[in-house]
Amino acid sequence: MINSKNSKYNTKKIEISKFSRYLFKRNLIIMSLISIFEVGKEYSHLEDNIKKLKLAKDLLTYCKITDECIKLLSFISQIIREKKNLYGKNIIIELFLNIFSFLPLENIFICKNVCKSWQQCLKSNMAKNILPQIPENMHYLESSCVNLKVCKLSKIKKDIYVYDHYFMHKLNKENLELDNTNNINLKIDMMSSNDNYICIKKLYQHDIYVFSHDIKLIKKIENRESQRCLVIDDDDNVIILDYNNEMCIYNIEENTIKKIKLEWNINVSHIRMATRGKVIYIISRWTHHVDVFSHNGKKIITWGGVGSEPGKFMYPYGIQIYKDIIYIADSGNRRIQMFTLYGKFVSEYKINKSEDLSDIIIMNDHVYVSDWKGSNIIKIKLKYLFYCELSM
């Protein structure tokens, strides 16, 4: 019995010793290659990013740092492209293995999706059905004048509604004409909807009214503060932001309320919000930024600034998250910009005939944009790329 235990112990010891020698040998090869190709600075940056990855507490931060790692590896790849098989090793793959071998196990899957050695797997039909698509471009379909100063677009089940502060009008998605046979007069100041409810703040009032999709009042959320914006997420949480940068999260089903203070010192009006899980995205027409917060009020990330180059904004005033891509109506630049959930620029689409984009909504791969000054509704078709078609 004792001999058996000793035997198992010795076997384990030998396995650990072999693994240690393997790691030492692999690291020695890596360091030699780094010295030969003079990419020590880039490799140092990769190591710094790994330290940040170990401390990352949310997926957005993790994805952003991983994206920086990809850029560094791409740069190294360009330097050593012609000699990548030196010593029989694929240097880029070896670097990736060397770096990400220290990551927690639950994060390894994410890394595989960005590593070139898994590129072949992404070409399968199954991968195309599972992985999100990347919007490559948009195709203009039509534009229609609705003779209405459209302030907001809302999706209610399979229909799209527009409103001008006084009436809700159903939009015919095919010909972009308004159905004026059943207009709803609610004197709306703010509105948001999901698959279950419609939330409305009326003009000159502070309370929030929750309706069913057939416009039957479900409940009233009493509120004494002046609101800047509201949104209802997929979990039936009504999120209200006031001018003191306090956010009230009210769950309709559980009848619970939570108040938090945002890590934010902006108190301007004309902002819009969108949600994805427990993450809240806020755009401001006057600060020209996208600010991202968790449900506990902590700022996760911010991007933007004034300008016309990709990733910059001029008076943005519409935000929509569709298939894990953020679409922003960049009004002053007369375009729609697309970003990943952690702020990486994807693409843009110019709408030169627009005057003042006021909102954006997406349904069945069709983008609907409202032009406040021109009283127009613009319809655009999305065109996609798959991950396997992206250049690595």
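Residues numbered from 1 in each chain as written. Predicted model: local features only at pLDDT ≥ 70, side-chain atom pairs only at ≥ 80, totals over all residues. Heavy atoms only, no water.

Enquirer: Account for the overall build of the chain, with residues named and values stated.
Expert: Within the chain, the secondary structure is distributed over six helices and 24 strands. Classification of the 392 residues of the chain by burial places 49% in the buried group. If you take every contact in the chain between residues at least 6 apart in sequence, the share linking residues at least 24 apart comes to 47%. Surface exposure of the chain reaches about 21100 Å², of which carbon and sulfur atoms provide 51%. (Helix = DSSP H or I, 4+ residues; strand = E, 2+ residues; numbered from the N terminus. Buried < 20%, exposed > 50% of the residue type's maximum accessible area, 1.4 Å probe, protein only. Contact = heavy atoms within 4.5 Å. Areas by Shrake-Rupley, 256 points an atom, 1.4 Å probe, with all protein chains shown as cover.)

Enquirer: Report on the layout of surface pockets, specifying residues and quantitative values.
Expert: The space that makes up the second largest pocket amounts to roughly 1200 Å³. Every residue lining the second largest pocket is counted, 49 residues in all, and those nearest its centre are Lys152, Ser192, Val231, Met273 and Ile319. Tallied by class, residues from the lining of the second largest pocket come to 23 nonpolar, eleven polar and 15 charged. (1 Å grid on protein atoms, 1.4 Å probe; cavity = no way out; pocket = protein on both sides within 12 Å on 5 of 7 lines; lining within 4 Å. Points joined across faces, edges and corners; volume = space filled by probe spheres on them. Nonpolar A, V, L, I, M, F, W, Y, C, P; charged D, E, K, R; others polar.)

Enquirer: Report on the confidence of the model for the chain, specifying residues and quantitative values.
Expert: Looking at the chain as a whole, its pLDDT mean stands at 76, while 73% of the residues score no less than 70. A low-confidence stretch, residues 84–89 stays under pLDDT 50, and its non-local contacts, those more than four residues away or across chains, total ten contacts. This stretch, residues 387–392, has a pLDDT under 50; its non-local contacts, to residues over four places away or in other chains, come to 16 contacts. (pLDDT = per-residue confidence, 0-100.)

Enquirer: Can you explain the sheet that holds strand β7 (residues 198–202)? Please cite residues and give values.
Expert: Strand order in the open sheet formed by four strands is β6-β7-β8-β9, and the pairing between neighbours is antiparallel. Looking at the sheet topology across the chains shown, the edges are occupied by β6 (188–193) and β9 (217–221). Strand-to-strand, the axes of this sheet are offset by a mean angle of 20 degrees, without reference to chain direction. (Pairing = 2+ DSSP bridges. Axes fitted to C-alpha atoms, helices over the stretch in contact; angles between N-to-C directions.)

Enquirer: Can you tell me about the pairing of strand β23 (residues 366–371), naming the residues and giving the values?
Expert: Most of β23 is tucked away, with six of its six residues classed as buried. Judged by which residues are buried, β23 turns out to be covered on both faces: His366, Tyr368 and Ser370 on one side and Val367, Val369 and Asp371 on the other are all buried. Turn length for the strand β22 (residues 357–363)-β23 hairpin, with the two strands adjacent in sequence and antiparallel, is two residues, and the turn residue asparagine 364 shows positive phi of about 55 degrees.

Enquirer: Explain the sheet that holds strand β17 (residues 299–304) to me, using residue names and the numbers behind them.
Expert: Ordered in space as β14-β15-β16-β17, the four strands form an open sheet in which the pairing is antiparallel. Two strands lie at the open edges of the sheet, namely β14 (271–276) and β17, each paired on one side alone. Each strand axis lies, on average, 20 degrees off the axis of its neighbour in the sheet, ignoring direction. Two elements, β14 and strand β15 (residues 279–284), share six bridges in a ladder whose sense is antiparallel. Along β15, the bridge assignment pairs arginine 272 with isoleucine 283.

Enquirer: Run through the pattern of salt bridges, naming residues and quoting values.
Expert: Applying the stated criterion across every chain, the model contains twelve salt bridges. Among the ionic pairs, aspartate 359 bridges to arginine 272, the shortest N-O distance being 3.4 Å. Pair noted here: aspartate 359 is in strand β22 and arginine 272 is in strand β14, with a separation of 87 residues, a long-range link. For the residue pair aspartate 359 and arginine 272, the accessibility class agrees, reading buried in each case. (Salt bridge = Lys/Arg side-chain N within 4 Å of Asp/Glu carboxyl O.)

Enquirer: Outline the packing of aromatic side chains, listing residues and values.
Expert: By the definition in use, this model includes five aromatic pairs. Judged by centre distance (5.8 Å) and plane angle (75 degrees), the ring pair of tryptophan 286 and tyrosine 315 falls under edge-to-face. Separated by 29 residues along the polypeptide, tryptophan 286 in the loop between β15 and β16 (289–294) and tyrosine 315 in the loop between β17 and β18 (316–322) bring together distant segments of the chain. The class for tryptophan 286 is partly exposed, based on a relative accessible area of 42%. Plain terms: the ring middles of tryptophan 303 and phenylalanine 339 are 5.5 Å apart, the flat faces sit at 45 degrees to each other, and that makes the pair tilted. With tryptophan 303 in strand β17 and phenylalanine 339 in strand β20 (residues 335–339), this pair connects stretches of sequence that are 36 residues apart. Given a relative accessible area of 10%, tryptophan 303 falls into the buried group. Judged by its relative accessible area of 0%, phenylalanine 339 is buried. (Phe/Tyr/Trp six-rings, centres within 6.5 Å; stacked < 30°, edge-to-face > 60°.)

Enquirer: Give me the environment of serine 154: which residues, what numbers.
Expert: Positionally, serine 154 belongs in strand β2 (residues 152–156). Here the alpha-carbon distance between serine 154 and lysine 170, two residues 16 residues apart in the chain, equals 9.7 Å. If near-sequence neighbours (up to four positions away) are discounted, serine 154 is found in contact with Asp159, Ile160, Tyr161, Met191, Ser193 and Ile361.

Enquirer: Which residues make up the nonpolar core, and what values go with them?
Expert: Most often, soluble globular proteins have nonpolar side chains that are buried together. The biggest cluster of nonpolar side chains holds 19 residues, and the ones touching the most others in it are Met138, Tyr327, Ile336, Val367, Val369 and Ile380. Those elements that place two or more of their residues in this core are β1 (134–145), β19 (325–330), β20, β22, β23 and β24 (376–385). In terms of residue count, β24 provides more of this core than any other element does, four residues in total. Apart from the residues lying within four places of it in its own chain, the contact partners of valine 369 are Leu153, Ile336, Ile351, Leu357, Asp359, Ile360, Asn376, Ile377, Ile378 and Ile380. Membership of the second largest hydrophobic core comes to 18 residues, among which are Val292, Ile301, Ile328 and Tyr342. (Core = buried A, V, L, I, M, F, W, Y, C linked by side-chain atoms within 4.5 Å.)

Enquirer: Go over the pairing of β17, please, and point to the residues and values.
Expert: Relative to β17, β16 is paired through five bridges, and the arrangement is antiparallel. For valine 292, the partnering residue across the bridge sits in β17 and is isoleucine 301. Once β16 ends, the chain turns through four residues before running back antiparallel as β17, passing glycine 297 with a positive phi of about 90 degrees.

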